[in-house]
Amino acid sequence: TMPVEIGNIGFAINESSGNTTYTVGTAVNIAEIAVKTVTGGQYDGELYFRTSNGDGNQATLGDRMVINKDGNVGIGTTDPTSNLHIHANSANTLAKLRFTDTTSGSSSTDGVTVGKNSEGGGFLWNRENNYLRFGTNSTERMRIENGGNVGIGTDNPGTLLDIRGTKTAQFGQQRIVDTATIAQG
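Quick summary incoming for the structure in this document. (Residues numbered from 1 in each chain as written. Predicted model: local features only at pLDDT ≥ 70, side-chain atom pairs only at ≥ 80, totals over all residues. Heavy atoms only, no water.)

One key point about sheets: their strands pair by backbone hydrogen bonds, in either a parallel or an antiparallel sense. As summarised here, the arrangement of the three strands in space is β7-β8-β9, forming an open sheet in which the pairing is antiparallel. A single partner strand is all that each edge strand has here, and the edge strands are β7 (95–99) and β9 (122–126). Strand-to-strand twist across the sheet, computed as the mean angle between neighbouring axes with direction ignored, equals 10°. Where β7 meets strand β8 (residues 112–116), five bridges bridge the pair, whose relative direction is antiparallel. (Pairing = 2+ DSSP bridges. Helix = DSSP H or I, 4+ residues; strand = E, 2+ residues; numbered from the N terminus. Axes fitted to C-alpha atoms, helices over the stretch in contact; angles between N-to-C directions.)

Right, dumping it as C-alpha cells:
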C-alpha cells in the first residue's frame, strides 16, 4: 500500500495585506503537523512538521522535520537513517548542530558547533574563548587549549604539543619518553 496522509493540524494566518495571491480575509496555512502511514505498514505512522518558506507572495509549505516509525528524527530529510539525522538541502549550506547556553549566548558566533561543510569535511568548532576536551572510558585523553596548545595526557599543555605519559613513542626522529620528559630529535 502507498503512504497515506491521514490527518493534519494546520496553523493559519488571516490574510489582510492586500496580497494579490490570496483574498483578503482568507486563512493561509503557514505551518502544519501531518500524520502519514508508511508504505506496507498500515499501522506504522510518521509525523511531519511543515513550515512556510517565508515567501511574501505565497505560503509554500515544506517538510522541515520528520519523526519516522522507528523514532528517528530527520531535520532537512524525510528519510532519517539514525536517531538524529541532519541534512542540508543545498551544497552551500552547512549541516550542523550547535550547543549554546546562557553563558555562551545563542547567536551564530556562540557555543560549540559540530557539522559537515560544503566540501565534505567535518568540523568541531568551539566559538568560545575556552578549551576542547576529548576523552574515552570517562577519562580526559586530549585537550586543545583556547590558545592552540594541544595536550595529550595532560589537561594543562605548556607548549604547542605537550605529550605526557608512562609509555615510549617514537615518530621518525622524534621520541617522547616517560611522564614529563620530552626528547627532541
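Here we come to the pattern of salt bridges. This model, assessed by the stated rule, comprises seven salt bridges. A salt bridge links Glu32 to Arg50, with the shortest nitrogen-to-oxygen separation between them at 2.6 Å. Residue Glu32 is found in strand β2 (residues 27–38), and its partner Arg50 is found in strand β3 (residues 41–52); the two are separated by 18 residues along the sequence. Side by side, Glu32 and Arg50 carry an identical accessibility label, which is buried. With a closest N to O distance of 3.7 Å, Arg143 and Glu145 form a salt bridge. (Salt bridge = Lys/Arg side-chain N within 4 Å of Asp/Glu carboxyl O. Buried < 20%, exposed > 50% of the residue type's maximum accessible area, 1.4 Å probe, protein only.)

Classification of Arg50 by relative accessible area gives buried; the value is 10%. Only 2.6 Å separates the side chain of Arg50 from the side chain of Glu32, close enough to count as a polar contact. In terms of polar contacts, Arg50 uses its side chain to reach the side chain of Asp63, at 2.6 Å. (Polar contact = N/O pair within 3.5 Å; in protein donor to acceptor, adjacent residues only side chain to side chain.)

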